Amino acid sequence: DDDVELEPGYLGNLMEHYRREPELAGLGGVDRLQRSSWLWRCYTRLFLYSSGRPGKLSYTGYGGSLPLWNAAVAPFASEFLYGCNMSFRCEALRLLPDCEWMNGYSLVADLLVTRIAAQQGMVWVDPALGVLHHQSPASRDSAERVAQMQIVHHAYLFQQFGATRWQRLWFYWTWLGLYLLTLRQGDAGKACRNGYLSGIRQVRELWR
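Report follows, based on the coordinates. (Residues numbered from 1 in each chain as written. Predicted model: local features only at pLDDT ≥ 70, side-chain atom pairs only at ≥ 80, totals over all residues. Heavy atoms only, no water.)

Mapped onto the fold, G52 is located in the loop between α2 (38–46) and β3 (76–77). Sequence separation between G52 and W69 is 17 residues; the distance between their C-alpha atoms is 11 Å. For G52, the residues in contact, after removing those within four places along its chain, are R45, S65 and L68. (Helix = DSSP H or I, 4+ residues; strand = E, 2+ residues; numbered from the N terminus. Contact = heavy atoms within 4.5 Å.)

Laid out in structure tokens, this is it:
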């Protein structure tokens, strides 16, 4: 991303991994600025937004365990990589599908690409690959649209790779957790609430 700073030695370390490990399909690092409180970690576990394990997606397909990566001291296998800080072998991405649903500001492109790459080899995160991600408070799209796509695109991703009936049911529980977070934001959260409501209506139609 254009708001990311690489730590010294990042690229050399990255290339050494690919030279040394030919079975490696994808590799990412950690954002040193990514932090979370114990309350947030409990909340995300409760609503299945986080698996509680650094390299594991949640039961409903979300990467909410990302803040745990900074506590890692050794490389670990991962089901997802962080969009601002990921790399892949060209060969691992030759089977990328044509996803007509992934229009505009997609919030699951990193999850999709990682899933495809993982079919071709190992995907790892190395805590030694550090970046500083200075996330802008502004977005390329409106808050309502971003909230809507966060729900809709995750639902499409579920459909793309197959989800059980129980996973789809619990997906609504995760949606509720995201929706409730906007209630404490007052008027500022109104746009996000509208987006989440619009998104879950689209999901219901998709999963009929």
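Further remarks concern helix α6 (residues 190–206). Between its terminal C-alpha atoms α6 stretches 24 Å, which fits the 24 Å expected from 17 residues at 1.5 Å a residue. Those residues of α6 that fall on the buried side of the exposure criterion are C192, R193, G195, Y196, S198, G199, I200 and V203. Here the buried face of α6 lies against α4 (143–161) and α5 (165–181). (Expected span 1.5 Å × (residues − 1). Buried < 20%, exposed > 50% of the residue type's maximum accessible area, 1.4 Å probe, protein only.)

Turning our attention to the side chain of H17. Structurally, the position occupied by H17 is in helix α1 (residues 10–20). Not counting the four nearest positions on each side in its chain, H17 is found in contact with L24, L27 and D126.

Viewed as axis vectors pointing N to C, helix α3 (residues 109–118) and α4 meet at an angle of 15°, and their least axial separation amounts to 10 Å. As summarised for this structure, α3 and α4 are arranged roughly parallel, according to the angle between their axes. The handedness of the crossing between α3 and α4 comes out as right-handed. Listed contacts from α4 to L111, L112, R115 and I116 of α3 are H154, L157 and F161. When its residues are assigned to classes, the contact of α3 with α4 shows five nonpolar, one polar and one charged. (Axes fitted to C-alpha atoms, helices over the stretch in contact; angles between N-to-C directions. Parallel < 35°, antiparallel > 145°, perpendicular 65-115°, else oblique. Left-handed = near helix turned anticlockwise from the far one by under 90°. Nonpolar A, V, L, I, M, F, W, Y, C, P; charged D, E, K, R; others polar.)

A few words now on the packing of α4 against α5. Between α4 and α5, the shortest axis-to-axis distance is 12 Å and the interhelical angle comes to 160°. On the basis of the axis angle, α4 is roughly antiparallel to α5. You can see that α4 and α5 cross each other, and the crossing is right-handed. Listed contacts from α5 to Q150, I151, H154, A155 and F158 of α4 are Q167, R168, F171, W175 and L178.

The next thing to look at is a nonpolar patch on the surface. The grouping of Y59, W166, L169 and W170 at the surface amounts to a nonpolar patch, some 450 Å² of accessible area in total. Along the polypeptide, W170 turns up in helix α5. (Patch = residues over 30% accessible without salt bridge, like charges linked within 9 Å, V, L, I, M, F, W, Y side chains within 5 Å. Areas by Shrake-Rupley, 256 points an atom, 1.4 Å probe, with all protein chains shown as cover. Salt bridge = Lys/Arg side-chain N within 4 Å of Asp/Glu carboxyl O.)

Attention now moves to the pairing of strand β2 (residues 24–31). For β2, the buried fraction is high: eight of the eight residues fall into the buried class. In the sheet, β2 pairs with strand β5 (residues 122–133) via six bridges, with the strands oriented parallel. Residue pairing across strands places L24 opposite M122, the latter belonging to β5. Here β2 pairs with strand β4 (residues 86–88) via three bridges, running antiparallel. Its bridge partner being in β4, G28 is matched across the sheet by M86. (Pairing = 2+ DSSP bridges.)

The next subject is the environment of A143. Secondary-structure assignment places A143 in helix α4. When residues no more than four places from it in sequence are discounted, the contact partners of A143 are A191 and C192.

Okay, unusual backbone geometry next. Phi at L48 is positive, roughly 60°, even though this residue is not glycine. For L48, the position within the fold is in the loop between α2 and β3.

So, about the pairing of β5. In this structure, strand β1 (residues 4–6) lies alongside β5, joined through three bridges in antiparallel fashion. Looking at the pairing, V4 lines up with H133 of β5. As paired elements, β3 and β5 share two bridges and run antiparallel to each other. From the neighbouring strand, A77 faces β5, where its bridge partner is W124.

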